Amino acid sequence: MTQIKLILLGAPGSGKGTQAKFITEKYNIPQISTGDLLRNAVKDQTEVGKKAKVFMDEGKLVPDKLVLELLEARLAEPDCEAGFILDGYPRNIAQATDLERITEIDLVINIEVDFNLLVERITGRRTCKTCGAIYHIIYSPPKRKALCNNCSGELYQRDDDTEETVKKRLKTYETQTKPLIEYFLKKGKLRTLVSDSTIDMMRLKVESLLKETFY
Ligand code: AMP
């Protein structure tokens, strides 16, 4: 069986999570979001979660060692044997080298979005508490107010999706994560897709890139 090991790279609000969910359904490989792993650790009040929360509330990156611990445990689970989509990892060069020590990567999809759109996209984002589906109050509203279309779960706004924290997160992206574009480009693994239209158009672009690369 072909393994598909993907990284989705892009600023907060670039639509990585939304596209990752489509890829998961189509190729049957898990989406591994370090943001979700961390939010679960915070919710469960684990030792990692308690330490991570301070950084997350500030819009800063959680220390590499803590994130790596969560990621390694997740990659060791059996559903990752056919591959995975990393969403939100790596976030800096040190994490990229950590990752390359534990696994290989086939392709990095860099999703590029106009900077001005990002704040609007993130502050309007709502997430399902139960299944993690993502909505936007204007661009992709749920059919019933504040309820998930898939599972009727309650929709909520992430603590760090407020305007003030979003601006800090975007700055963190610019200084720490953006250098990864050059890093993976040099390795011949990076493809950039410009997200200038609808979620469905973007989905088609991602699908055709995956077809071209893996089949
Ligand atoms: P995300 O859901 O990917 O937007 O991540 C939300 C927050 O979790 C980020 O602002 C960071 O504080 C933290 N986080 C997520 N992934 C990482 C990572 N790979 N390294 C460090 N911090 C992370």
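This report concerns the structure included in the present document.

Cut-offs used in this document
Residues numbered from 1 in each chain as written. Predicted model: local features only at pLDDT ≥ 70, side-chain atom pairs only at ≥ 80, totals over all residues. Heavy atoms only, no water. Helix = DSSP H or I, 4+ residues; strand = E, 2+ residues; numbered from the N terminus. Rg over C-alpha atoms; globule rule 2.2 N^0.38 Å. Buried < 20%, exposed > 50% of the residue type's maximum accessible area, 1.4 Å probe, protein only. Contact = heavy atoms within 4.5 Å. Pairing = 2+ DSSP bridges. Near = heavy atom within 4 Å. Polar contact = N/O pair within 3.5 Å; in protein donor to acceptor, adjacent residues only side chain to side chain. Areas by Shrake-Rupley, 256 points an atom, 1.4 Å probe, with all protein chains shown as cover. Nonpolar A, V, L, I, M, F, W, Y, C, P; charged D, E, K, R; others polar. Core = buried A, V, L, I, M, F, W, Y, C linked by side-chain atoms within 4.5 Å. Axes fitted to C-alpha atoms, helices over the stretch in contact; angles between N-to-C directions. Parallel < 35°, antiparallel > 145°, perpendicular 65-115°, else oblique. Left-handed = near helix turned anticlockwise from the far one by under 90°. Phe/Tyr/Trp six-rings, centres within 6.5 Å; stacked < 30°, edge-to-face > 60°. Lys NZ or Arg CZ within 6 Å of the ring centre and 35° of its normal. Salt bridge = Lys/Arg side-chain N within 4 Å of Asp/Glu carboxyl O.

### Some words on the overall build of the chain
Here is step 1: Each helix and strand counted, the chain has nine helices and eight strands in total.
Here is step 2: Relative to its length of 215 residues, the chain is compact, with a C-alpha radius of gyration of 16 Å against a globular reference of 17 Å.
Here is step 3: Seen through its principal axes, the chain has C-alpha atoms that stretch 40 × 40 × 35 Å.
Here is step 4: Split into buried and exposed, the 215 residues of the chain put 48% on the buried side.
Here is step 5: By sequence separation, contacts in the chain at least 24 residues apart represent 70% of the contacts at least 6 residues apart.

### Description of the sheet that holds strand S5 (residues 125-128)
Here is step 1: Reading across the sheet, the three strands line up as S6-S5-S7 and stay open at both edges, with antiparallel pairing between neighbours. Of all the strands in the sheet, the pair left with one neighbour each is strand S6 (134-136) and strand S7 (155-156).
Here is step 2: Bridge analysis of S5 against S7 gives two bridges, and the strand direction is antiparallel. Paired with Cys128 across the bridge in S7 is Leu155.

### With respect to the site of the ligand
Here is step 1: Around the ligand sit 16 residues, and of these Thr34, Arg39, Lys60, Gly88 and Gln95 come closest.
Here is step 2: Separating an oxygen atom of the ligand from a side-chain N or O atom of Arg39 is a distance of 3.0 Å.
Here is step 3: With the chains in place, 96% of the 480 Å² that the ligand exposes on its own is no longer accessible.
Here is step 4: Its residues assigned to classes, the shell around the ligand comprises six nonpolar, four polar and six charged.

### Regarding the nonpolar core
Here is step 1: By size, the foremost hydrophobic cluster in this structure holds 53 residues, and its most contacted members are Leu6, Ile23, Ile32, Leu86, Ile109, Phe184 and Leu210.
Here is step 2: Residues in contact with Ile32, not counting those within four places in the same chain, are Leu37, Leu71, Arg74, Leu75, Cys80, Phe84, Ile85, Leu86 and Asp87.

### Remarks on the packing of helix H3 (residues 47-57) against helix H4 (residues 64-75)
Here is step 1: Running from N to C, H3 and H4 cross one another at 135°; their axes reach a closest spacing of 10 Å. For the element pair H3 / H4, the angle class is oblique. Crossing of H3 over H4 shows left-handed handedness. Residues Val48, Lys51 and Ala52 of H3 pack against Leu66, Glu69 and Leu70 of H4.
Here is step 2: In terms of residue class, the contact of H3 with H4 is built from four nonpolar, no polar and two charged.

### A short note on the packing of aromatic side chains
Here is step 1: All chains considered together, the criterion is met by one aromatic pair.
Here is step 2: With a centroid separation of 5.1 Å and an interplanar angle of 85°, the aromatic rings of Tyr183 and Phe184 are classed as edge-to-face.
Here is step 3: When the ring centre of Phe22 is taken as origin, the NZ or CZ atom of Arg203, which lies over that ring, is 3.9 Å away.

### Considerations on the pattern of salt bridges
Here is step 1: Per the counting criterion, the structure on display carries 18 salt bridges.
Here is step 2: Residue Asp161 is joined to Arg169 by a salt bridge in which the shortest nitrogen-to-oxygen separation is 2.9 Å.
Here is step 3: Taking the shortest distance from any N to any O, the salt bridge between Lys178 and Glu174 comes out at 3.7 Å.
Here is step 4: Taking the relative accessible area as the measure of exposure, Lys178 reaches 37% and is therefore partly exposed.
Here is step 5: For Glu174, a relative accessible area of 34% corresponds to the partly exposed category.

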